[in-house]
Amino acid sequence: MIYLDNAATTKAAPEVVEAMLPYFTENYGNPSTIYSLGSSAKKAVNEARRNLAEVIGAKQEEIYFTAGGSEADNWALKAAAEACGEKGKHIITTRIEHHAVLHTCEYLEKRGYEVTYLEVDSDGLVDPEALRRAIRPDTILISIMFANNEIGVIEPIAELGAIAREHGILFHTDAVQAFGQVPMNVDELNVDMLSASAHKLNGPKGVGMLYIRTGVKIRSFVHGGAQERGRRAGTENVPGIVGFGAAAARAMRIMDEKMKKELQLRDYLIGRIEKEIPYSRLNGHRTRRLPGNVNFSFEFIEGESMLIMLDMKGICASSGSACTSGSLDPSHVLLAIGLKHEVAHGSLRLTLSEENTKEEMDLVVDELKRIVQRLREMSPLYEDFMRKNQA
Ligand SMILES: *Cc1c(COP(=O)(O)O)cnc(C)c1O
C-alpha cells in the first residue's frame, strides 16, 4: 500500500501510542482528584499542554483541549460571535475555509450575523488589501485558515493578522493542516485564536486544541465542571491529550528533516506529472504551499474513477471533489480558484509524509499515467477535443 492521504489523517507514531498506553491502564486517574493517581494524570496533561504551547510560542495556560479541530473552529467562531455580539454582527472569512468554519458561519448567518466571504486569486491566496476593504465598523471577527487542506496554499497570516489587530478585531486561524508541520509563532502571526488537531500530525483522532490569547474574552464552549479553566467542561481525554503532546514533541524534533524530505518528494512528483501527463494543472501556489501537498486537475476525466483505479493498485489518494460525500458539487476550493466544474471534477490530491519514498513517487506517476490515459480513451469529451485539435 502507498498512503498519500496525510491531509485526511495520519498514522499515529509508535512513540505516540507508547506514551498513551499507560493512561488507559495503570494511570487511569481523573486529573481533578487529589490523590496521587489523579495528580500524575494531571501532570501528564499539563506536560502535553506545555509541548503544544511550545509549537506556537504560546503560554501553557493559553492552550485549551478540545475533541478535535472541528470543535476548536466551532468554539472560536460561535463563542467570539456571542461575546462580541454587542459591538456588531459582521464576520469576515474566505471562500476556501474548511467546512468546520464555513458551516459554522452559515449557522451564525441564520442567527443574525452577516458574513463576508473573501475571494482568493487563482493560486488560492487571500489579498490583504481585500481584507482591509471588507472591514466595517461592526466587524467583530476575522477567521482565515493558515494553510488550505485541499490545495496546500499557505496564506499570509502575519500580514492579515496585523490588519485585524490594527482595527482591534479578533483574529482566528484554522491551523489544523500546518500545526507542527511548518514553523509558526502566535505573536509574529498576530493571531488571537488558533485551532489544531492531533490526528493530522501523527497523533490520535478525537483530540484537538484551541489557543486563546490571554485577555481575549470568549465564552465557555461546554458547560459543566471546572476543567480547562472553566471554559471547556468534561473529564479530560487523558490518553488522547498525552498522545497529542507526544505528537507535538515529535513534530518539533523532526520538523526540519520532514519538511526537507517532503519538499523534495513533492517537487519531484509535481515535476514528473507536469512533464509526463498532458492537460494537467497544478492547483494552489507553487511555492507558498505545504511541503507535503500535491493537487492536480486532469482535464477530460472524473476524479472518482481515478481514485477507484488508484485504490485497485493499493494507492490511497483523495479527489478534490466532494462526490465521495454523496454530493455532486465539485470542491468549493477548486471553484474558488477559478476552475470550471468539469475540470474541478477531474482533480486529485496526493499528500505526503516523511515515510514516503522516491520509488513510491515513481510507481504512482507510472500508474497515474496509465490511468489517466485509459480514462481519457473512454471519454467522449476527450475524443471530441482531439478531433477538433487535429482538424
Ligand atoms: C482536518 C481539518 C479540520 C477538522 O479537524 P478534526 O480534528 O478532524 O475535527 C479542520 N480544519 C482543517 C483545515 C482540517 O484539515
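On a predicted model such as this, the values are computed, not experimentally measured, just so you know.

## Concerning the side chain of H285
- Mapped onto the elements, H285 comes out in the loop between β9 (280-282) and β10 (293-298).
- Here H285 falls in the buried class, since its relative accessible area comes to 17%.
- Of note is the side chain of H285, whose polar atom sits 3.1 Å from the backbone nitrogen of T287.
- Discounting residues that sit within four places of it in the chain, H285 has contacts with D123, L125 and V153.

## A word on the environment of G271
- Its place among the elements puts G271 in helix α8 (residues 238-276).
- The class of G271 is partly exposed, set by a relative accessible area of 34%.
- As for G271 and A233, which are separated by 38 residues in sequence, their C-alpha atoms are 49 Å apart.

## Quick look at the pattern of salt bridges
- Following the criterion strictly, the structure yields 28 salt bridges and no others.
- Between E71 and R232 there is a salt bridge, and its shortest N-O distance comes to 2.9 Å. Highlighted residues: E71 in helix α3 (residues 69-84) and R232 in the loop between β8 (208-212) and α8, separated in sequence by 161 residues.
- Its relative accessible area of 16% is what places R232 among the buried residues.
- If you follow the salt bridges from partner to partner, you end up with R272, E276, D362, D366 and K369 in one network.

## Some words on the sheet that holds β8
- The mixed open sheet is built from seven strands, whose spatial order is β2-β8-β7-β6-β5-β3-β4. Strands at the two margins of the open sheet, each flanked by one partner only, are β2 (63-66) and β4 (114-118). Averaged over all pairs of adjacent strands, the angle between their axes in this sheet comes to 20°, without regard to strand direction.
- Where helix α4 (residues 99-110) meets the sheet, it contacts β3 (90-94), β4, β5 (139-143) and β6 (170-174), and its direction lies at approximately 150° from that of β4.

## What to know about the site of the ligand
- Around the ligand sit 13 residues, and of these S70, D174, Q177, S197 and K200 come closest.
- Here G69 contributes a backbone N or O atom positioned 2.8 Å from an oxygen atom of the ligand.
- Residue D174 places a side-chain N or O atom 2.6 Å away from a nitrogen atom belonging to the ligand.
- Surface burial for the ligand is 87%, taken as the share of its 380 Å² of free accessible area covered by protein chains.
- Ranked by the residues each element gives to the shell around the ligand, the list is headed by α3, at three residues.
- Among the residues forming the shell around the ligand, the class breakdown is two nonpolar, eight polar and three charged.

## Some remarks on helix α6 (residues 157-166)
- Turning to α6, its buried residues are I157, L160, G161, I163 and A164. All buried residues of α6 project into a common sector of 155° when viewed along the axis, lining one side.
- Where α6 is buried, its residues contact α5 (128-134), β5, β6 and α7 (186-189).
- Phi turns positive, to about 65°, at G168, one or two residues after α6.

Cut-off values and rules
Residues numbered from 1 in each chain as written. Predicted model: local features only at pLDDT ≥ 70, side-chain atom pairs only at ≥ 80, totals over all residues. Heavy atoms only, no water. Helix = DSSP H or I, 4+ residues; strand = E, 2+ residues; numbered from the N terminus. Buried < 20%, exposed > 50% of the residue type's maximum accessible area, 1.4 Å probe, protein only. Polar contact = N/O pair within 3.5 Å; in protein donor to acceptor, adjacent residues only side chain to side chain. Contact = heavy atoms within 4.5 Å. Salt bridge = Lys/Arg side-chain N within 4 Å of Asp/Glu carboxyl O. Pairing = 2+ DSSP bridges. Axes fitted to C-alpha atoms, helices over the stretch in contact; angles between N-to-C directions. Near = heavy atom within 4 Å. Areas by Shrake-Rupley, 256 points an atom, 1.4 Å probe, with all protein chains shown as cover. Nonpolar A, V, L, I, M, F, W, Y, C, P; charged D, E, K, R; others polar. Arc of directions from axis to C-beta.

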